[in-house]
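Structural characterization, general
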Amino acid sequence: MRDTPPPDIAGGLLLTAAAGFVDAVGFLRLDGLYTSFMSGNSTQFAVSLTQPGHPVAWEIALLFVSFLAGGFSGSLVSLRLPGRWGPAAVLGLEAVFLVAALSTALSPSLGGPAAPLLAAAMGAQNAALRRSAGFRPGVTFVTGTLYSLSHTLAQAAARVGPAFGWVPDACTWLALVSGAVAGALAYRGYGLEALVAPVLGVGLVLAVAVGRAVRAGA
C-alpha cells in the first residue's frame, strides 16, 4: 500500500465504499439479492433452480447478464483506451449506469428497473481497477480480501511478513462495510434517491482521474 499513490488509495477506498452502498441498496430493493456480490447470487440462483417454479431464477439471471454487460463494456473501453484516459473513460461509463439507475427514482415517467443498471455499474467498476504493489483498491466484493487479510495477519504473527501488511485489506473491508451501512440507512430513509451518494462519490473519483489525464498530457 505504501507504494500506491495516495490519490489511488483514497479513490479506491471511496469506490469500494460506493460499491458497498450500492449493494446494500440493491439487497434491500430486491429482498435479498445483490447487485455486485455475484457469488451470493450464484448460490441463490442454484437453489432457486431446485424449487418449484424457480421463484427468483430469472431475476437473478438478469443481474448476471447486466453485470457481465457492464464488465464487458468497461473492459472494452479500457482495452480501446489503454493510456491515461482509460480509467477516466471506464469510470465515466460507470457513472452513466448509476445516473440512469438514479433517474428511475427522480423521474418516474422514465420507468425501468434500477437493479440491472446498478449491476452493470458494478461490473464496469471492476474494469477500472488497477493492482499496485498487491493492493487493488475499488473492489466490489471482499471474499478474497478477507482471505488475504487472514493470510497477512498470519504472516505478521509469524514474523515472516510486514507487521502491518494486513492494513490495506482491513481498510478495504471496512470501506465496503461502512458503505453498506450507509447505503442501508439511506435507502430506508430515501429509497432509490439515496443513489445520489454513490453518484457523487464516483463522480469525484472520475474528476480526479480526468484531472490526472489532463496533467499527464500537458
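Labelled according to an unreviewed UniProt entry, the protein chain appears under the name DUF1275 domain-containing protein, originating from Methylobacterium terricola.

**Re the overall build of the protein chain**
For the protein chain, the helix and strand inventory stands at 8 helices and 0 strands. Relative to the compact-globule value of 17 Å for 218 residues, the protein chain shows a C-alpha radius of gyration of 18 Å, a close match. Oriented by its inertia axes, the alpha-carbon framework of the protein chain measures out at about 55 × 45 × 35 Å. Looking at the protein chain as a whole, 44% of its 218 residues are labelled buried.

**Points about the pattern of salt bridges**
Pairing between side chains becomes possible if they bear opposite charge and their charged atoms approach one another. Per the stated rule, a full pass over the model turns up 1 salt bridge. Asp8 serves as the salt-bridge partner of Arg212, at 2.9 Å between the closest nitrogen and oxygen. With Arg212 in helix α8 (residues 196-217) and Asp8 in helix α1 (residues 6-29), this pair connects stretches of sequence that are 204 residues apart. A residue is classified by how much of its surface remains accessible, and Arg212, at 29% relative accessible area, is partly exposed.

**Thoughts on the nonpolar core**
Ranked by size, the top nonpolar core spans 45 residues in total, and within it Leu91, Leu98 and Leu195 carry the most contacts. Elements with a minimum of two residues in this core: α1, α3 (57-80), α4 (86-106), α5 (115-127), α7 (167-190) and α8.

**Overview of the side chain of Ser48**
Position of Ser48 among the secondary structure elements: in helix α2 (residues 38-49). Aside from chain neighbours lying at most four places away, what touches Ser48 is His54, Pro55, Val56 and Ala57.

**Observations concerning α3**
Here α3 spans 34 Å end to end across 24 residues, near enough to the 34 Å set by a 1.5 Å rise per residue. When α3 is considered as a whole, its buried residues turn out to be Ala57, Ile60, Ala61, Leu63, Phe64, Ser66, Phe67, Gly70, Gly71 and Gly74. Among the structural elements, α2, α4 and α5 are those in contact with the buried residues of α3.

**A closer look at the environment of Leu91**
Turning to its location among the elements, Leu91 is positioned in helix α4. Through-space distance from the C-alpha of Leu91 to that of Gly40 is 25 Å; in sequence the pair is 51 residues apart. With near-sequence residues (within four places) excluded, Leu91 lies in contact with Leu15, Ala128, Val202, Val205, Leu206 and Ala209.

**Focus: unusual backbone geometry**
A positive phi angle, close to 55°, is found at Asp31, a residue other than glycine. Mapped onto the elements of the fold, Asp31 is located in the loop between α1 and α2. Of note, Arg159 is a non-glycine position whose phi angle comes to about 60°, a positive value. Along the chain, the position of Arg159 falls in the loop between α6 (143-158) and α7.

**Quick word on the packing of aromatic side chains**
As enumerated under the stated definition, the model contains 4 aromatic pairs in all. Ring centres of Phe45 and Phe64 lie 5.5 Å apart, and the angle between their planes is 75°; this geometry places the pair in the edge-to-face category. Taken together, the residues Phe45 in helix α2 and Phe64 in helix α3 connect sequence positions 19 residues apart. Centre to centre, the rings of Phe164 and Trp166 are 6.5 Å apart; their planes meet at 45°, and the pair counts as tilted. On the basis of relative accessible area, Trp166 is assigned to the partly exposed category, the value being 27%. A connected cluster of aromatic rings, assembled from ring pairs, spans Phe27, Tyr34 and Phe37.

**Comments concerning the UniProt feature "transmembrane region" (unreviewed entry) in the protein chain**
UniProt marks residues 56-77, 89-107, 166-187 and 194-214 with the feature "transmembrane region" (unreviewed entry), using the numbering shown here. Structurally, residues 56-77 is divided into 95% helix and 0% strand, and its ends, taken at the C-alpha atoms, are 32 Å apart. Between the end C-alpha atoms of residues 166-187 there is a gap of 32 Å, over a span that is 95% helix and 0% strand.

**What to know about a nonpolar patch on the surface**
A surface patch of nonpolar side chains, amounting to about 520 Å² of accessible area, comprises Leu146, Trp173, Leu174, Val177, Val181 and Leu185. At 5 residues, the largest contribution of residues to the nonpolar patch is made by α7. One can find Leu146 in helix α6. Accessibility expressed as a relative area gives 40% for Leu146, which makes it partly exposed.

Here is what the cut-offs are and how they apply
- Residues numbered from 1 in each chain as written.
- Predicted model: local features only at pLDDT ≥ 70, side-chain atom pairs only at ≥ 80, totals over all residues.
- Heavy atoms only, no water.
- Helix = DSSP H or I, 4+ residues; strand = E, 2+ residues; numbered from the N terminus.
- Rg over C-alpha atoms; globule rule 2.2 N^0.38 Å.
- Buried < 20%, exposed > 50% of the residue type's maximum accessible area, 1.4 Å probe, protein only.
- Salt bridge = Lys/Arg side-chain N within 4 Å of Asp/Glu carboxyl O.
- Core = buried A, V, L, I, M, F, W, Y, C linked by side-chain atoms within 4.5 Å.
- Contact = heavy atoms within 4.5 Å.
- Expected span 1.5 Å × (residues − 1).
- Phe/Tyr/Trp six-rings, centres within 6.5 Å; stacked < 30°, edge-to-face > 60°.
- UniProt positions renumbered as here; feature names shortened; annotations may be inferred.
- Patch = residues over 30% accessible without salt bridge, like charges linked within 9 Å, V, L, I, M, F, W, Y side chains within 5 Å.
- Areas by Shrake-Rupley, 256 points an atom, 1.4 Å probe, with all protein chains shown as cover.

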